[in-house]
Amino acid sequence: MSSGSANPPAGPGYGGPPASAASASGPGYQQQYGMSPTTQMGPGPAGSQMGPGVPPGAPKKKSNGPMIALISSIAAVVVIAAIVAGVVLSRGAGGFGGGGPTEAVQGYFDAIVAGDAEAALGYAQVDPTDKTFLTNEVLTKSNELAPITNVVVAEVDDDYIYEVPVSFTIGERNINANIRVEEIGNDWKLQSVAAEVNIEYLGIKPTINGVAATANKVFLFPGTYQFSTGNEYVTFPEGKDVITVDQPSRFSSSSISEMQPTLTEEGSAAMIAAANKSLDACLAKKELAPEGCPIQARPNLENGAIKLDMNSLKFTKEGDQFADAEPRLERENPLTATFRYYPKIKYYVTGTKNGSGVYFDARLRTTDTNIATMDFSGEEPKFSWTS
């Protein structure tokens, strides 16, 4: 080998083909090194080492690794932000109008103030079993009687909160209440949107804010409610015919217990008039003890020895028979009024005994049926004498 030769010796370790290769383009060479027929091998510029299949002098290709890593990082941040936003929005989507516990309670009271019963019911965890009085009509009347104003709902951000403090005014009455709430799925709901009010011991089915009750228990939104018997002869005591429901979760029945129905002046007068009419009809009968009447004449007929002339029978009232009468409604049946009657009446009747004339002039005795009763439950009151 001469000094300064440009080509390295052929053979392994020098990058050349095996000594047995016929040529640089032979099939064996391509198979061993994976080169195409157009691949050129040869030394490059001084100090350079070109790999197989790279033309001499070709620029190096820049790597895309850093750019891909940056894009992946940005995408991950966006995905995480979207997930966080979704969780926040999900937890905030409460009640009927969105938001957390504070927003749910605020939305509920906004609906009550606006007279929107359907919106208020939308905040219920469980719907009330009876919605007779949970209507716009009843709410509107409530707000007319005493509007709800100055609603202030406390801000709460505790994920485990179960009560939200709220203050408001009903008419001139200031109320502080704690509204129980619960997260149901992604919504915040009120555990109760209407108070259950027991009206059973009123004894009658009243009308409440103009709507007739059909059950012994009713549900009412916070507000003001006027009770009426719906009867011109029976009423609730003046000043005690209105109740205030200040919380949707409970109601004290004390105000109901004071709402005992009473007879109106018209009812009392109607009953006294009916009693007089009935008594006059009884006195007109030519009978000593007319059936269904509070009077009874008991002359001593000496075991039948005296024969009466019933055409001579005459009753005479002494003064106003019902001047002291005080009709009162029965507690168990407040549409029925009663009073006890003691007759102040004389009777006169003649007869014969063994052919001789006799007469009786005496006072009537009280019978067992001396209780005047008036039933006001029907379209027309019905009067009777009962024992």
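To be clear, the structure that these remarks concern was listed above.
Given the structure is predicted, the values throughout are model-derived calculations rather than measurements.

Caption draft 1: Expanded view of the overall build of the chain. Tallying secondary structure elements over the chain gives seven helices and 21 strands in all. Split into buried and exposed, the 387 residues of the chain put 34% on the buried side. Considering only contacts in the chain between residues 6 or more positions apart, those separated by 24 or more positions represent 57%. Approximately 22,900 Å² of the chain is accessible, and the part contributed by carbon and sulfur atoms is 51%.

Caption draft 2: The arrangement of the sheet that holds strand β18 (residues 356-363) in detail. Read across the open sheet, the three strands follow the order β14-β17-β18; overall the sheet is antiparallel. Both outer strands of the open sheet, β14 (306-317) and β18, are each paired with one neighbouring strand and no more. The average angle at which neighbouring strand axes cross in this sheet is 15 degrees, direction not considered. Inspection of the sheet shows β14 paired to strand β17 (residues 345-353) by eight bridges, in the antiparallel sense. In the strand pairing of β17, K314 is matched with Y348. Packing of helix α7 (residues 265-283) onto the sheet brings it into contact with β14 and β17, and relative to β14 it is tilted by some 155 degrees.

Caption draft 3: Region of interest: the sheet that holds strand β6 (residues 207-208). Strand order across the open sheet formed by four strands is β7-β6-β9-β11, with antiparallel pairing between neighbours. The strands lining the two open edges of the sheet, one partner per strand, are β7 (211-212) and β11 (242-245). Here β6 pairs with strand β9 (residues 223-228) via two bridges, running antiparallel. When the bridges of β9 are listed, T207 appears paired with S228.

Caption draft 4: Looking closely at the pairing of strand β5 (residues 195-198). Because side chains alternate across β5, one face comprises the buried residues A195 and V197, and the other comprises E196 and N198, none of which is buried. Summarising the sheet, β5 and strand β8 (residues 217-220) pair through four bridges and their orientation is antiparallel. Residue pairing in the sheet places V197 in a bridge with V218 of β8.

Caption draft 5: Highlighting the nonpolar core. Judged by nonpolar contacts, the single largest core of 82 residues is most densely connected at Y108, L190, F221, Y225, F227, I243 and I295. Apart from the residues within four sequence positions on either side, Y108 is in contact with A120, Y123, L190, V193, F221, P222 and P248.

Caption draft 6: Structural view of a negative patch on the surface. A contiguous patch of negative charge on the surface is contributed by E232, E265, E266, E379 and E380. Considering the arrangement of structural elements, one finds E266 in helix α7. With relative accessibility at 48%, the residue E266 sits in the partly exposed group.

How each quantity is defined
- Residues numbered from 1 in each chain as written.
- Predicted model: local features only at pLDDT ≥ 70, side-chain atom pairs only at ≥ 80, totals over all residues.
- Heavy atoms only, no water.
- Helix = DSSP H or I, 4+ residues; strand = E, 2+ residues; numbered from the N terminus.
- Buried < 20%, exposed > 50% of the residue type's maximum accessible area, 1.4 Å probe, protein only.
- Contact = heavy atoms within 4.5 Å.
- Areas by Shrake-Rupley, 256 points an atom, 1.4 Å probe, with all protein chains shown as cover.
- Pairing = 2+ DSSP bridges.
- Axes fitted to C-alpha atoms, helices over the stretch in contact; angles between N-to-C directions.
- Core = buried A, V, L, I, M, F, W, Y, C linked by side-chain atoms within 4.5 Å.
- Patch = residues over 30% accessible without salt bridge, like charges linked within 9 Å, V, L, I, M, F, W, Y side chains within 5 Å.
- Salt bridge = Lys/Arg side-chain N within 4 Å of Asp/Glu carboxyl O.
- Lys, Arg positive; Asp, Glu negative; His and termini not counted.
- Charge placed at Lys NZ, Arg CZ, Asp CG, Glu CD.

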